[in-house]
Amino acid sequence: MYIADLHIHSRFSRATSKDGDLPHLDWWARRKGIRMVGTGDFTHPAWRAELREQLVPAGEGVYTLRQDLRLPDVAPGEAPRFVITGEISCIYKRHGRTRKVHNLILLPSLEAADELSARLEAIGNIHSDGRPILGLDSRDLLELTLETCPEAEFIPAHIWTPHFSLFGANSGFDRIEDCFRDLTPHIHALETGLSSDPPMNWRLSALDKYTLVSHSDAHSPAKLGREADLFTCEMTYPAIKQALENKGAGGFGGTLEFFPEEGKYHADGHRNCGVCLTPEETERAGGLCPVCGKKVTVGVWHRAAQLADRPEGFKPKDAAPFESLVPLPEVIAASTGFSAAGVKTAGRYEAMLRQLGPEFVILRQTPLEDI
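Residues numbered from 1 in each chain as written. Predicted model: local features only at pLDDT ≥ 70, side-chain atom pairs only at ≥ 80, totals over all residues. Heavy atoms only, no water.

Undergrad: Give me the overall build of the chain: which residues, what numbers.
TA: When its secondary structure is counted, the chain shows 12 helices and 15 strands. By the compact-globule yardstick of 21 Å for 371 residues, the chain fits well, its C-alpha radius of gyration being 20 Å. Along the longest, intermediate and shortest principal axes, the C-alpha atoms of the chain span 55 × 50 × 40 Å. A burial count over the chain gives 55% of its 371 residues as buried. Across the chain, the fraction of contacts at a sequence separation of at least 24, relative to all contacts at a separation of at least 6, is 69%. Of the roughly 15800 Å² that the chain leaves accessible, carbon and sulfur atoms contribute 52%. When the 41 basic and 51 acidic side-chain charges of the chain are each reduced to a single mean position, those positions are 4 Å apart. (Helix = DSSP H or I, 4+ residues; strand = E, 2+ residues; numbered from the N terminus. Rg over C-alpha atoms; globule rule 2.2 N^0.38 Å. Buried < 20%, exposed > 50% of the residue type's maximum accessible area, 1.4 Å probe, protein only. Contact = heavy atoms within 4.5 Å. Areas by Shrake-Rupley, 256 points an atom, 1.4 Å probe, with all protein chains shown as cover. Lys, Arg positive; Asp, Glu negative; His and termini not counted. Charge placed at Lys NZ, Arg CZ, Asp CG, Glu CD.)

Structural data, given as structure tokens:
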């Protein structure tokens, strides 16, 4: 079994770290114990040029960083493989409303990335942001993607996020079919996002046939793996695609999860007023901020409950397993009283990696007495 984080961003996306390059992504993946990493941002021409220059083939549809570019580390782990991925923001009108939906695309090669990017460039600006914003219906983006590369895998991203997702309270849909219409059968997996966990999604019977995946959506390499997938298949693109498409047939081993309460959009609220509400409190307030009277943002917890047709605690028979983890620096901080971002915590973190191995090995496998 290996860990995969397929939705990340490079330094070419807005609000990302300047360390969002391949050497640092490789370095942090080794430190975390992540064996498969999405490249992110395949549509950006400058990033795609770096991918071509710095990656070498390492199996069918996957790549690895050139050995001479690898950064040294106190606890060298196994070199990760990279698979070509990117996120696209679709903003468009449907059924009289503005829709804002983010979609994650997995591709089998850099050549496929070149071809799809060329077609997308004819539609909108793919140069200014690693996650381009296109005035393209999500259904039409899926059609264009499959026309260009039939082997592509298309995954609606962080499906519950209020402002930019398939089911988002502010600009999404109530049903997958309303978004993708006749092409809905080509959707096989859904990314649940940081603010929800599998039990929240199990309450919707409409999601039973989909593989529920989780990724970090990292904007800096240090955030890799805050959510991730577990695969038991070979480390190749066709094997990953098959595992995602054939739920229950083997190959997909579940997910590693953020605690959803830690997610930015889990509860309802109004950020400007510092207000955070449960769904029940929002209903009692008539959906308005109790401080200023403006409309609150309906969070993931509330939105999932609105669409649910099952009670809390329901678990489908074929549900994939999951583990909820706290990042190791936060565990150290909670145990010592230090700041999670402080120098003392960083020192303990480095010492643990040096003595015990990668972060996920420590969190998931290392005996407590050794820690």
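Undergrad: Give a detailed account of the packing of helix H1 (residues 22–32) against helix H2 (residues 45–54), specifying residues and quantitative values.
TA: It is the contact of H1 with H2, at a shortest axis distance of 11 Å, that shows an interaxial angle of 65°. Considering the angle they form, H1 stands roughly perpendicular to H2. Seen from H1, the contacting residues are Leu22, Pro23 and Leu25; seen from H2, they are Trp47, Glu50, Leu51 and Gln54. Its residues assigned to classes, the contact of H1 with H2 shows 5 nonpolar, 1 polar and 1 charged. (Axes fitted to C-alpha atoms, helices over the stretch in contact; angles between N-to-C directions. Parallel < 35°, antiparallel > 145°, perpendicular 65-115°, else oblique. Nonpolar A, V, L, I, M, F, W, Y, C, P; charged D, E, K, R; others polar.)

Undergrad: Summarise the pairing of strand E11 (residues 228–231); cite the residues concerned and give the values.
TA: Regular strands place their side chains on alternate faces of the sheet. Of the two faces of E11, the one holding Ala228 and Leu230 and the one holding Asp229 and Phe231 are both buried throughout. Pairing between strand E1 (residues 2–5) and E11: 3 bridges, direction antiparallel. Residue pairing for E11: Tyr2 is matched across the bridge by Phe231. Taken together, the 4 bridges between E11 and strand E12 (residues 252–257) define a ladder with antiparallel strand orientation. (Pairing = 2+ DSSP bridges.)

Undergrad: Explain the pattern of salt bridges to me, and be specific about the residues and the numbers.
TA: On inspection of all chains with the given rule, the structure shows 25 salt bridges. Note that Arg31 and Asp73 form a salt bridge whose closest N and O atoms lie 2.7 Å from each other. With Arg31 in helix H1 and Asp73 in the loop between strand E4 (63–65) and strand E5 (81–94), the pair connects residues that are 42 residues apart, well separated along the chain. Across the pair, Asp73 and Arg31 agree in class, each one buried. Connected via shared salt-bridge partners are Arg139, Asp140, Glu143 and Asp182. (Salt bridge = Lys/Arg side-chain N within 4 Å of Asp/Glu carboxyl O.)

Undergrad: I'd like a description of unusual backbone geometry, backed by residues and values.
TA: The phi torsion at Ala15 lies on the positive side, around 60°, for a residue other than glycine. Within the element layout of this structure, Ala15 appears in the loop between E1 and H1. A residue is classified by how much of its surface remains accessible, and Ala15, at 74% relative accessible area, is exposed. The phi dihedral of Asp41 is positive, around 60°, even though this residue is not glycine. Relative to the helices and strands, Asp41 is located in the loop between strand E2 (36–38) and H2. Residue classification places Asp41 among the buried positions, given a relative accessible area of 0%.

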